[in-house]
There are 2 protein chains.
Amino acid sequence: MHTDCKFETVLEILVGKWKPVIMFQLFTNGTMRFSELQRAIPAITKKMLTQQLRELEYHDIVHRKVYHQIPPKVEYSITEHGRSMGTIMEALNDWGRFHTAHLNQLYGEDEGRQSETFVDAIDNAAE
Amino acid sequence: MHTDCKFETVLEILVGKWKPVIMFQLFTNGTMRFSELQRAIPAITKKMLTQQLRELEYHDIVHRKVYHQIPPKVEYSITEHGRSMGTIMEALNDWGRFHTAHLNQLYGEDEGRQSETFVDAIDNAAE
DNA sequence: CGGGATCCAGGCTGATACTG
DNA sequence: CAGTATCAGCCTGGATCCCG
């Protein structure tokens, strides 16, 4: 019973409609409050933001710091363990760019396949 | 409009319940017929096998070779482009192992979190 | 043999309203 | 401010049957 193929566990971490966006925000901006994340990703609902953050927290990718005060204040940040994903995320990103170019070459650069990346989503949010 | 974060496209490729298993099979065994894949992954239905293979084919990860004869014969294999994913898949795998160990250390090695990897699935299939 | 077509159940996600 | 609770819609995946 060899169990040397664990890359599905990585998928578990990243799977979820908003997790890449959230991680990108936190990687980029460092510590962020709940409301800051909401503002940075306008399309997300509180429910989903909370849910995805909790899952990332369970995997020790994101740290949640609660200030017990009124009004409440909660800060999120990437854990040290989470930062160890940085290199593979870059690798994934690089290969993604390579792959996109490859597909364009195969099928042509027509519209229709321009899936919105989370960066686009952020750009849209910035308008 | 910077579009330098394309790692979600990689996720698109890998997302799908059976894609990692299928890719692992083809990476390991080279060229395989449709029925061979079925036998290697008994739990999958024809519908899902076909569907996931078509998606991988669209992304030029898997090549589909049809022999026009009766009875039909179709062979699948990893494309050259697909092989270029090899290194990141290993990287993902390595980090996955590291992460699993990390979680066990955090939460204890109790049962309950032992998600079945596709390798386990293959092992089960071999019995 | 290698599918395609159809129907269905469950889970994920979104919208909305409420709360300490 | 930072959530929780509830309900509804959609999409993924599974089961079954049919076809060249």
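Definitions and limits used
Residues numbered from 1 in each chain as written. Chains lettered and ligands numbered in written order. Predicted model: local features only at pLDDT ≥ 70, side-chain atom pairs only at ≥ 80, totals over all residues. Heavy atoms only, no water. Helix = DSSP H or I, 4+ residues; strand = E, 2+ residues; numbered from the N terminus. Contact = heavy atoms within 4.5 Å. Areas by Shrake-Rupley, 256 points an atom, 1.4 Å probe, with all protein chains shown as cover. Phe/Tyr/Trp six-rings, centres within 6.5 Å; stacked < 30°, edge-to-face > 60°. Buried < 20%, exposed > 50% of the residue type's maximum accessible area, 1.4 Å probe, protein only. Lys NZ or Arg CZ within 6 Å of the ring centre and 35° of its normal. pLDDT = per-residue confidence, 0-100. Near = heavy atom within 4 Å. Polar contact = N/O pair within 3.5 Å; in protein donor to acceptor, adjacent residues only side chain to side chain. Nonpolar A, V, L, I, M, F, W, Y, C, P; charged D, E, K, R; others polar. Salt bridge = Lys/Arg side-chain N within 4 Å of Asp/Glu carboxyl O. Domains from an automatic or database assignment. Buried area = accessible area lost by both parts, 1.4 Å probe. Pairing = 2+ DSSP bridges. Axes fitted to C-alpha atoms, helices over the stretch in contact; angles between N-to-C directions.

A look at the overall build of chain A
- A tally of regular secondary structure across chain A gives seven helices and three strands.
- When the helices and strands of chain A are placed in sequence order, the string is α-α-β-α-α-β-β-α-α-α.
- Look at the contacts in chain A between residues 6 or more apart in sequence, and 50% of them connect residues 24 or more apart.
- In the structure as shown, chain A presents an accessible area of about 6900 Å², 51% of it carried by carbon and sulfur atoms.

Some points on the packing of aromatic side chains
All names here are of chain A.
- Counted under the stated rule, the structure contains four aromatic pairs over all chains.
- Ring geometry for W95 versus F98: centroids 6.4 Å apart, planes at 65°, classification edge-to-face. Of this pair, W95 and F98 are both found in helix α6 (residues 86-107), three residues apart, which corresponds to roughly one turn of the helix.
- On the basis of relative accessible area, F98 is assigned to the partly exposed category, the value being 43%.
- The ring of Y67 carries the charged tip of K73 above its face, separated from the ring centre by 4.6 Å.

What about the confidence of the model for chain A?
- Looking at chain A, the pLDDT average stands at 87 and 82% of residues meet or exceed 70.
- Below pLDDT 50 for its whole length, residues 118-127 of chain A participates in 23 contacts with residues either more than four positions away or in separate chains.

Quick word on the protein's contact with DNA strand D
- Near DNA strand D there are 21 residues, and of these A:R54, A:R64, A:Y76, B:K17 and B:K47 occur at the shortest range.
- The contact in question runs from a phosphate oxygen of DNA strand D to an N or O atom on the side chain of A:R54, over 2.8 Å.
- Within the side chain of A:Y76, an N or O atom sits 2.7 Å from a phosphate oxygen of DNA strand D.
- Elements supplying a minimum of two residues to the surface near DNA strand D: α3 (34-40), α4 (46-58) and β3 (73-78) of chain A together with α4 (46-58) of chain B.
- With four residues, α4(A) is the largest single contributor of residues to the surface near DNA strand D.
- For the surface near DNA strand D, a count of residues per class yields eight nonpolar, five polar and eight charged.

Digging into the protein's contact with DNA strand C
- With respect to spatial proximity, 22 residues lie near DNA strand C, and among them A:K17, A:K47, B:R54, B:R64 and B:Y76 are the closest.
- For DNA strand C, the backbone makes up 64% of the atoms found within 4 Å of the protein, where backbone means sugar plus phosphate.
- Within the side chain of A:W18, a nitrogen or oxygen atom sits 3.1 Å from a phosphate oxygen of DNA strand C.
- Note that a phosphate oxygen of DNA strand C is positioned 3.0 Å from one of the side-chain N or O atoms of B:R33.
- At the level of secondary structure, the elements contributing two or more residues to the surface near DNA strand C comprise α4 of chain A together with α3 (34-40), α4 and β3 (73-78) of chain B.
- Taken together, the residues that form the surface near DNA strand C break down as eight nonpolar, six polar and eight charged.

Regarding the pattern of salt bridges
- For the structure shown, the criterion picks out six salt bridges over all chains.
- In this structure, A:R54 engages A:E57 in a salt bridge whose closest nitrogen and oxygen atoms are separated by 3.8 Å. Note that A:R54 and A:E57 are positioned in helix α4 at a spacing of three residues, about one turn of the helix.
- The exposure class assigned to A:E57 is partly exposed, which follows from its relative accessible area of 30%.
- With a closest N to O distance of 2.6 Å, B:K19 and B:E55 form a salt bridge. Separated by 36 residues along the polypeptide, B:K19 in helix α2 (residues 19-29) and B:E55 in helix α4 bring together distant segments of the chain.

Some words on the domain arrangement of chain A
All names here are of chain A.
- As assigned here, chain A comprises domain 1 (1-81) and domain 2 (85-127).
- Summing the contributions of domain 1 and of domain 2, the shared interface buries around 810 Å²; its carbon and sulfur component is 87%.
- Counting across the interface, domain 1 meets domain 2 through zero salt bridges.
- Where domain 1 touches domain 2, the interface holds zero residue pairs in polar contact (both at pLDDT 80 or more).
- Listed by contribution, the elements that provide at least two residues to the side of domain 1 that touches domain 2 are α1 (7-14) and α2 (19-29).

Topic: the sheet that holds strand β2 (residues 62-67) of chain A
All names here are of chain A.
- If you walk across this open sheet you meet the three strands as β1-β3-β2, and the pairing is antiparallel. What marks the edges here is a single partner per strand, and that holds for β1 (32-33) and β2.
- As judged from the two bridges shared by β1 and β3, these two strands associate in the antiparallel manner. Counterpart to M32 in the pairing with β3 is Y76.
- Across the sheet, α2 is in contact with β1, β2 and β3; its angle to β3 comes to roughly 90°.
- Packed on one face of the sheet, α4 meets β2 and β3 and runs near 115° to β2.

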